[in-house]
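Summary of the model geometry
Given next are the chains, with one letter for each unit.
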Amino acid sequence: MKAVRFHQHGGPDVLRYEDAPDPDPGPGEVLVKVRACALNHLDLWARRGLPGLKTPMPHVSGSDVAGEVVSSNATEVGIGRRVMLQPGVSCGRCEACLSGKDNECASYEVLGYLHHDGGCAEYVKVPVQNLLSIPDAIDFVTAAAFPLTFLTAWHMLMTCARLKRGEQVLVLAAGSGVGQAAIQVAALHGARVFATAGSDDKLERARSLGAVEVIHHHRQDIAQEIKRLTNRRGVDVVIEHVGEATWAKSVRSLARGGRLVTCGATTGAHGAINLNALFGKRLTIHGSYMGTKSELIRAARYLFAGQLKPVIDRTFPLHEAADAHRRLEESEQFGKIVLEVS
Ligand SMILES: [Zn+2]
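Conventions and cut-offs
Residues numbered from 1 in each chain as written. Predicted model: local features only at pLDDT ≥ 70, side-chain atom pairs only at ≥ 80, totals over all residues. Heavy atoms only, no water. Helix = DSSP H or I, 4+ residues; strand = E, 2+ residues; numbered from the N terminus. Rg over C-alpha atoms; globule rule 2.2 N^0.38 Å. Buried < 20%, exposed > 50% of the residue type's maximum accessible area, 1.4 Å probe, protein only. Contact = heavy atoms within 4.5 Å. Areas by Shrake-Rupley, 256 points an atom, 1.4 Å probe, with all protein chains shown as cover. Lys, Arg positive; Asp, Glu negative; His and termini not counted. Charge placed at Lys NZ, Arg CZ, Asp CG, Glu CD. Axes fitted to C-alpha atoms, helices over the stretch in contact; angles between N-to-C directions. Parallel < 35°, antiparallel > 145°, perpendicular 65-115°, else oblique. Nonpolar A, V, L, I, M, F, W, Y, C, P; charged D, E, K, R; others polar. Salt bridge = Lys/Arg side-chain N within 4 Å of Asp/Glu carboxyl O. Polar contact = N/O pair within 3.5 Å; in protein donor to acceptor, adjacent residues only side chain to side chain. Donors = N, O, S within 2.8 Å, 3.2 Å for Na, K, Ca; no water. Tetrahedral: all angles 85-135°; square planar, octahedral: opposite > 155°, others 65-115°.

Moving on: the overall build of the chain. The helix and strand inventory of the chain stands at 11 helices and 17 strands. Scaling as 2.2 N^0.38, a compact globule of 342 residues should have a C-alpha radius of gyration of about 20 Å, and the chain matches this with 20 Å. Across its three principal axes, the chain shows a C-alpha extent of roughly 60 × 40 × 40 Å. Residues classed as buried in the chain amount to 56% of the 342 residues present. Counting contacts in the chain only where the partners sit at least 6 residues apart, residues at least 24 apart contribute 69% of the total. When the accessible surface of the chain is totalled, it reaches about 14700 Å², and 49% of it is carbon and sulfur. Averaging the positions of the 39 positive and the 36 negative side-chain charges in the chain gives two centres separated by 8 Å.

A word on the packing of helix 1 (residues 41–48) against helix 11 (residues 321–329). Working note: a packed helix pair is described by the angle between its axes plus the distance between those axes. Their axes nearest at 10 Å, the elements helix 1 and helix 11 cross at an angle of 110 degrees. As summarised for this structure, helix 1 and helix 11 are arranged roughly perpendicular, according to the angle between their axes. Taken together, the residues of helix 11 that come into contact with helix 1 (itself represented by His41, Asp43, Leu44, Arg47 and Arg48) are His325, Leu328 and Glu329. Residues belonging to the contact of helix 1 with helix 11 are distributed by class as follows: two nonpolar, two polar and four charged.

Right, let's talk about unusual backbone geometry for a bit. The residue after methionine 57, namely proline 58, is reached through a cis peptide bond having omega -10 degrees. Mapped onto the elements of the fold, proline 58 is located in the loop between helix 1 and strand 4 (64–72). We note that alanine 173 has phi near 55 degrees; this positive angle belongs to a residue other than glycine. Note that alanine 173 resides in the loop between strand 10 (168–171) and helix 5 (177–188). Backbone geometry at arginine 232 places phi at a positive 75 degrees, although glycine is not the residue there. When its relative accessible area of 65% is taken as the criterion, arginine 232 is described as exposed.

Bringing the side chain of lysine 33 into the picture now. Tracing the chain through its elements places lysine 33 in strand 3 (residues 29–38). Summary of buried charges: lysine 33 has no salt-bridge partner, and the nearest side chain of opposite charge, glutamate 122, is 5.1 Å away. Reaching out from lysine 33, the side chain makes a polar contact with the backbone oxygen of serine 342 at a distance of 3.3 Å. Leaving out residues up to four positions away in the same chain, lysine 33 has contacts with Ala66, Gly67, Glu68, Val70, Glu122, Tyr123, Val341 and Ser342.

Here the zinc ion is held by Cys91 (SG), Cys94 (SG), Cys97 (SG) and Cys105 (SG), and the distances to it run 2.3 to 2.4 Å. Angles of 107 to 115 degrees at the metal separate the four donor atoms of the zinc ion, which places the site in the tetrahedral class. As a motif over one chain, the donors of the zinc ion read C-x2-C-x2-C-x7-C. Like cysteine 97, the residue cysteine 105 is buried in the burial classification.

So this is what it looks like as structure tokens:
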């Protein structure tokens, strides 16, 4: 098959569009013909490499996949079935998995990251429990753009923050994959959403997704604006993944009893916190990574009904994966960048 692989860590130039062996599905696994694969920041981390994590080489990244089942070692899986893939791979038999917290499984990994080759290729193999059927009305690009970011946003808002109707939510970086998903999930559940972005165009698009107020994070101070917009009260929930650059402002934006949920540290991993504020304002900080299979099944119902809709920034053919990585790396996008596989 053709695949986009890297043989060493580095910049987008290490990505090679080349021949690779077809995946060989084991017991309980299925082979999926990839039709679309969306990029995430995880693809950039996988390509660059992280200290302490050893990726077997060569490697195929790509966690967000939609396509068709072409062969199956599991029973009762229709060949030709249109599917999107659960990006989280877990053992299915440990205490965490059996209590519905499969993203806390000790062997949890994300498709396309570390030991599981991903979907930036013509074919990918996955455990049968990672298939999620998609209706004919949902095209492959839309389906591929959905799972990882909407699962992440759903888990952060609904499970970690236990969002309630009428609460106020600050979503950082509206143009990011998680940002555009979090605005929609929060608005869908009756929250008043504030969003930040770095350009007027992105702010306008954040409004169109459901943000009631928007903040230009280069021209305005996020925490000051939140205080002004909420009559000095602050927000109930902050959805954060920017990291060092915004951490202190995120904490200062919280109301009493506020919850800060973070799923990333794009600009750096160190954030200080004033402990007097932490206990004095009864704040809670949640670390969040991905979400559970059942959460994705629930969120997908809203996709299928047209109530959640991933924003597609643009598509690239598979062989232009390096250009797609560059666009994501430079934060030029609003929404998801998707590779199409013919
Ligand atoms: Zn497990």
